[in-house]
Amino acid sequence: MPAGSTYTPIATTTLGSAATITFSSIPSTYTDLVIVLNGNGSRVAGTDDTGLRLNSDSGSNYSETLLQGNGTSASSSRASGVNVMFQNTNFRIGGTTGARSTIIYQFMNYANTTTYKTVIARSNVSDFNVTATVGLWRSTAAINTIYLYNFTSANFTSGTTATLYGIASA
Amino acid sequence: MSPILGILASGNYPRVTNSYESIATVTVGAGGSAAAEFTSIPNTYKHLQIRILARSNRAVTTDNIKLGVGNGTIDTGANYAYHNLYGNGTSAAASGGSSETSGYLDSISGSSIGASIFGVIVIDFLDYANTNKYKTVRSLGGYDSNGGGFISLTSNLWMSTSAINRIKLTCRGTAFDQYSHFALYGIKG
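Residues numbered from 1 in each chain as written. Chains lettered and ligands numbered in written order. Predicted model: local features only at pLDDT ≥ 70, side-chain atom pairs only at ≥ 80, totals over all residues. Heavy atoms only, no water.

Q: Help me out: how do you make sense of the nonpolar core in this one?
A: Inside soluble globular proteins, nonpolar side chains tend to come together where they are buried. In this structure, A:Leu54, A:Tyr105, A:Phe107 and A:Ile146 are the most contacted members of the largest nonpolar core, which totals 32 residues. Apart from residues no more than four positions distant in its own chain, A:Ile146 is found in contact with A:Ile21, A:Thr22, A:Phe23, A:Ile26, A:Leu33, A:Ile35, A:Arg53, A:Leu54 and A:Phe107. Of all hydrophobic cores here, the second largest spans 30 residues; its members include B:Tyr45, B:Leu67, B:Leu105 and B:Cys171. (Core = buried A, V, L, I, M, F, W, Y, C linked by side-chain atoms within 4.5 Å. Buried < 20%, exposed > 50% of the residue type's maximum accessible area, 1.4 Å probe, protein only. Contact = heavy atoms within 4.5 Å.)

Structure follows, in structure tokens:
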């Protein structure tokens, strides 16, 4: 079997403070993309809602199915026909009084022009919940731009990091 | 929605080498395929990962993949166990099995869902070549169909101390649809 090294960092950012993180001009040469986001929102207490858009599509072309555990119970919810992926009230990052939380997004076969795009993600907020979620972008276009948003308090805090990786298959 | 302030990430980094390697890929062509199989997997890595984009040709909304592993040949004995936690958009539930003849993986879409919708799964085979322990496999996967779907976390146990050098993923329907894609990676430790 042929073997080749892969899992390449494409871009990374450490924020001063920003409402949006943008990865643009993403090359189509990989098979999957992974984003690791570690940080907080600027809300002093509580947690912030995050979400993402692809290729500047702000139409109602996103949907998701989510599973979460909050330390007391497990539950599942869904959003359909929305204009942001993963803007689920249970899919969050921590506020400034909590520990830094991590979200890992996996964009599978992002550059193919045959299928709709499916994204899976996990989020962990130590004082709120843990989630696993799957999202759908109803477009066959290759993903070339990813926007990550903080919807609740306007900003990701200073020191929040986001790294985009490309994974190539043989 | 317009961002108040945006930060554009950019930068080029040296290619990471010799730690996460692509071993082999199966892409399903026209006519479909009943299974995707990886053979002669080298024992030179610490862990394996398979990344899947798949759809079943069975006339259901949700289908599953059977997992078979082995050394030389796929083990079809009652040597597998699994636990699964899933959400269907309405409620969370769990399932499990012991002394099974195959492992159980997360949900993918079936042919009753729109043709452009595929499920995805990321599977980790931890310490796959170690001959002192049973093998643990964990996965995250699911699909969304804009009004339906499943998301799940699954763990599987293969009750054998043999190194894994063969993996077979079988569709519970007749076949995986064209454009399904299975990529095997090795992770060095």
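Q: Sorry if this is basic, but what is going on with the packing of aromatic side chains here?
A: The relation between two aromatic rings is expressed through the spacing of the ring centres and the mutual angle of the planes. As enumerated under the stated definition, the model contains 9 aromatic pairs over all chains in all. By way of ring pairs, the aromatic residues A:Tyr7, A:Tyr165, B:Tyr20 and B:Tyr185 are connected into one cluster. (Phe/Tyr/Trp six-rings, centres within 6.5 Å; stacked < 30°, edge-to-face > 60°.)

Q: It is not clear to me how the pairing of strand S4 (residues 47–54) of chain B should be interpreted in this structure. Could you clarify?
A: Residues and elements named next belong to chain B. The element S4 is extensively covered by neighbouring structure, given that 7 of its 8 residues are classed as buried. Sheet topology note: the S4/strand S14 (residues 181–187) ladder contains 7 bridges and is antiparallel. Considered in S14, the bridge of His-47 is made with Ile-187. Here S4 runs beside strand S10 (residues 119–126); their pairing, made up of 7 bridges, is antiparallel. Across the sheet, the residue bridging to Gln-49 is Asp-124, located in S10. (Helix = DSSP H or I, 4+ residues; strand = E, 2+ residues; numbered from the N terminus. Pairing = 2+ DSSP bridges.)

Q: Is there a simple way to explain empty space enclosed by the protein in this structure?
A: To find leftover empty space, a probe the size of one water molecule is rolled over the atoms. Residues and elements named next belong to chain B. As enumerated under the stated definition, the model contains 1 cavity of 30 Å³ or more in all. Reported here for the largest cavity is a volume of approximately 30 Å³. The wall of the largest cavity is formed by Leu-67, Val-69, Tyr-80, Val-137, Asn-156, Leu-157, Trp-158 and Ile-164. Elements with a contribution of two residues or more to the lining of the largest cavity: strand S5 (62–71) and strand S12 (149–158). Among the elements that line the lining of the largest cavity, the one with the most residues is S12, at 3 residues. Residue composition of the lining of the largest cavity, grouped by class: 7 nonpolar, 1 polar and no charged. (1 Å grid on protein atoms, 1.4 Å probe; cavity = no way out; pocket = protein on both sides within 12 Å on 5 of 7 lines; lining within 4 Å. Points joined across faces, edges and corners; volume = space filled by probe spheres on them. Nonpolar A, V, L, I, M, F, W, Y, C, P; charged D, E, K, R; others polar.)

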